[in-house]
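# Topology and contacts: notes
If you want the building blocks of each chain, they are given just below.
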Amino acid sequence: MNVTFEYWEGDQSESVEFDRRGDPPGRYNIMNFQQLPDGSYDYVHVGDWINGSLNLWETVKFEPRLPSVVNSVCSKPCQPGYFKNFQSGGQEQRCCWVCVPCEKHEILLDEVTCEACAPGFWPDANKTRCAQIPIEMVRWSDPAAAVALSFSAAGFISAAFSAAVFLRHNNTPVVKASTRELSYLIAGGAVIGHAAALPLLARPSPFTCALARTLPGMSLAVIYAALLTKTNRIARIMAAASATYVSGSGSGGKHIRFPTRKPRLMSAAAQVAITSALIGVEAGVAGAMLALEPPDAALYFPAPGRARLSCNTSALGVVVPLAFGFILLALCTAYAVKTRNVPENFREAKFIGFATYTTAVIWVAFVPIYFGSDSKVITMCLCVTLSASVTMGFIFVPKLYVILWRPERNDRAYFTTATSIRCHVGGTRPAQKASSGDSHGSRNTQPPHTRPVAPSQQPNNTRKDSPPQR
């Protein structure tokens, strides 16, 4: 009702007020607990507080041992980064508060509200504004990237050197016997695998992301398409050996198996065509994935306060281009197992087996490491480089050793078919035993189903001037 009037007592007056609720204004005596001159302690009236007005007529004294003046407040101001959580008092008056810190990723919008920063931003020290987070990416100067790049550079130089040596000795027996056209394709696939480190480690962009998704799978396809064609050719040659020639007499004769007819698609042009068709399948798969998921750079936020720039490659975009290469690798491994007991002078089949076994182990370990690691780019880089290096080591190093350090072995005699063949592909026939009558009465006659061996097909151990077989 807001009433105000003067109250007189004698010659003195006092203002009397009532607020709209009918309550009089607050009026308090300010009492200070002090030490009196006689050494005792008591409360001393030092002032008044009337209706919001403070009037002190004596100095307020505090305990001299206190370090500073005592603050008499309900709540102290909040520090930066803290908001006020008001406590309700009488008549719903919010007079006191508790200071509560904002979350790590929030800034103080006003004294009672915190607001989260947008992805890619982080509060400053005072939590008054959001600042952009430094972007993480693989850089050339990173130790892991430097190691991966060093391995790739060494592998690239080795593959180029091996191809150059083969070109220099292109018409020698050791190069011809290794199906030189397919060997060049294998070296080219290794070069592609080592070169894949460049787009993988480069700053993400649509171009580098497209290369990073294409080159690893293409490298595997080129290498193992050529190796699959090579091992399939060896297996078909061995499986086609169906006719038997008996050398000598009696049960001590030696059995040499020869093919009854030449297998199809055995020429170098046919081998290259088959390999190219397999590589074309991989190119089609990689192109389809690029069309379904266009490559580009994207920001990812693996945790609050972190922003990473990388390619927008999904798990499907990683696995599908590599899947066809894994299928070729599995087929190569199967053929390597089947042809593991070919003659000694077909030793290349064994080296192909070693290469495929080792590469299979590398890629089996790749899957959990890649999808469970935070360093996906480095993992992919090292796996592709190791796969190419292992293949080059097992396939090319033995031939380079012969070409460069044992040139006397680079002779056609060392690549003549051995006298015995064990192969785990195709069917086998039991050798026909010569009867005792044949051994005594028909030593100079040949069985009707066999044919004489040409001089070039004679076993090497019947020639005294021939070097021993490998």
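Quick caveat, the model's predicted, so the values are computed rather than measured. Residue positions are given per chain, counted from 1 along the sequence in the order it is written. Residue-level local features of this predicted model are given only where pLDDT is at least 70; pairs of side-chain atoms are given and counted only at 80 or more, and the full residue set underlies all totals for whole chains, interfaces and linings. Water and hydrogen atoms play no part in the side-chain values, which are based on all heavy atoms of the structure.

## Notes on helix 6 (residues 268–292)
By definition, any uninterrupted DSSP run of H or I lasting at least four residues is a helix, any uninterrupted run of E lasting at least two residues is a strand, and each is numbered from the N terminus. The span one expects for a helix is its residue count, reduced by one, times 1.5 Å. Between the first and last C-alpha of helix 6 there are 36 Å, a value that for 25 residues agrees with the 36 Å anticipated at 1.5 Å per step. Summary of the burial criterion: residues with accessible area below 20% of their type's maximum are buried, those above 50% are exposed, and those between are partly exposed, where the area comes from a 1.4 Å probe applied to protein chains only. Taken as a whole, helix 6 has its buried residues at Ala-270, Gln-271, Thr-275, Ile-279, Glu-282, Ala-286 and Met-289.

## Concerning the packing of aromatic side chains
Between the rings of Phe, Tyr and Trp (Trp by its six-membered ring), a pair exists once the centres lie within 6.5 Å; its type follows the angle of the planes, with under 30 degrees stacked, over 60 edge-to-face, and the other angles tilted. Counted according to the given criterion, the structure contains 12 aromatic pairs. Note on Phe-351 and Phe-354: the rings are 6.3 Å apart at their centroids and 75 degrees apart in plane angle, and the pair reads as edge-to-face. In this pair, Phe-351 and Phe-354 both sit in helix 8 (residues 348–372), 3 residues apart, roughly one turn of the helix. Classification of Phe-351 by relative accessible area gives partly exposed; the value is 23%. Taking relative accessible area as the criterion, Phe-354 reaches 39% and is therefore assigned partly exposed. Measuring from centroid to centroid gives 4.8 Å for Trp-363 and Phe-366, while their planes differ by 65 degrees, and the two rings are edge-to-face. Taken together, the residues span about one helical turn, with Trp-363 and Phe-366 both in helix 8 at a distance of 3 residues. In this structure, Trp-363 and Phe-366 share a single accessibility class: buried. One aromatic cluster is present, built from ring pairs that chain together Phe-326, Trp-363, Phe-366, Tyr-370 and Phe-371. When the NZ atom of lysine or the CZ atom of arginine is within 6 Å of a ring's centre and also within 35 degrees of its normal, the charge is said to sit over that ring. The aromatic ring of Trp-97 is capped on one face by Lys-84, whose charged end is 4.2 Å from the ring centroid. Geometry around Tyr-370 places Lys-376 over its ring, the cationic atom sitting 5.9 Å from the centre.

## Brief notes about the confidence of the model for the protein
A low pLDDT score tells you not to read the predicted coordinates there in detail. Averaged over all residues, the pLDDT of the protein equals 77, while 75% of them reach at least 70. Values of pLDDT, ranging from 0 to 100, describe the predictor's confidence in every residue of the model. Residue contacts are defined here by distance: any two heavy atoms, one from each residue, within 4.5 Å place the two residues in contact. Overall, residues 242–251 carries pLDDT values under 50, and its contacts beyond four positions in sequence, including any with other chains, amount to 29 contacts. Predicted confidence for residues 418–470 stays below pLDDT 50, and this span has 65 contacts to residues more than four positions away or in other chains.

## With respect to the environment of Val-281
When you line up the elements, Val-281 lands in helix 6. Here Val-281 falls in the partly exposed class, since its relative accessible area comes to 39%. C-alpha of Val-281 to C-alpha of Ala-221: the two residues are 60 residues apart in sequence and 8.9 Å apart in space.

## Here's the deal with the state of the cysteines
Only a pair of cysteine sulfur atoms within 2.5 Å counts as a disulfide in this structure description. The full count for this structure, using the stated rule, is 4 disulfides. Here Cys-78 pairs with Cys-99 through a disulfide, and the sulfurs are 2.1 Å apart. Handedness here is read from the sign of the S-S torsion; for Cys-78 and Cys-99, about -90 degrees, the answer is left-handed. You can see Cys-78 sitting in the loop between strand 5 (53–56) and strand 6 (82–88) and its partner Cys-99 sitting in strand 7 (residues 94–101), a full 21 residues away along the chain. Judged by its relative accessible area of 22%, Cys-78 falls in the partly exposed class. Note on Cys-99: relative accessible area 29%, which makes it partly exposed. Across the disulfide from Cys-102 sits Cys-114; the S-S distance is 1.8 Å.

## Comments concerning the layout of surface pockets
Only protein atoms enter the 1 Å grid used here, on which a cavity is any set of points holding a 1.4 Å probe that cannot leave and a pocket is any open set flanked by protein within 12 Å on both sides along at least five of seven lines; residues with an atom within 4 Å of a point are listed as lining. Grid points are joined across faces, edges and corners, and a volume is the space filled by probe spheres set on the points. Its volume calculated, the second largest pocket comes out at about 900 Å³. In terms of lining, the second largest pocket is formed by 38 residues, of which the most central are Ser-310, Cys-311, Tyr-370, Lys-376 and Val-377. Polarity classes work like this: nonpolar for Ala, Val, Leu, Ile, Met, Phe, Trp, Tyr, Cys and Pro, charged for Asp, Glu, Lys and Arg, and polar for all others, with Gly in that last group. Considered class by class, the residues forming the lining of the second largest pocket number 25 nonpolar, 6 polar and 7 charged.

## Quick word on the sheet that holds strand 5
We treat two strands as partners when DSSP finds at least two bridges between them. Within the open sheet, the 3 strands sit side by side as 3-4-5. Their pairing is antiparallel. Two strands bound the open sheet, and with one partner strand each, they are strand 3 (27–35) and strand 5. Adjacent strand axes in the sheet meet at a mean angle of 35 degrees, parallel and antiparallel pairs treated alike. In terms of strand pairing, strand 4 (residues 41–50) meets strand 5 through 4 bridges, oriented antiparallel. In the strand pairing of strand 5, Asp-48 is matched with Asn-55. Axis definition: a line fitted to C-alpha atoms, limited for helices to the stretch in contact. Angles are taken between N-to-C directions and run from 0 to 180 degrees.

## Regarding the packing of helix 6 against helix 7 (residues 315–338)
Put simply, helix 6 and helix 7 touch, their axes get as near as 9 Å, and they point 170 degrees apart. With respect to helix 7, the axis of helix 6 lies roughly antiparallel. Of the residues in helix 7, those in contact with Leu-278, Val-281, Glu-282, Val-285 and Met-289 of helix 6 are Leu-316, Gly-317, Val-320, Pro-321, Phe-324, Gly-325 and Leu-328. Here the contact of helix 6 with helix 7 is built from residues that sort into 9 nonpolar, 2 polar and 1 charged. Oblique is the label for every angle not falling under 35 degrees (roughly parallel), over 145 degrees (roughly antiparallel), or within 65 to 115 degrees (roughly perpendicular).

## Section: the pattern of salt bridges
Counted as salt bridges are all cases of a side-chain nitrogen of Lys or Arg within 4 Å of a carboxyl oxygen of Asp or Glu. Evaluated as defined, the whole model comprises 4 salt bridges. A salt bridge links Lys-84 to Glu-111; the shortest N-O distance between them is 3.3 Å. With Lys-84 in strand 6 and Glu-111 in the loop between strand 8 (106–110) and strand 9 (113–116), this pair connects stretches of sequence that are 27 residues apart.

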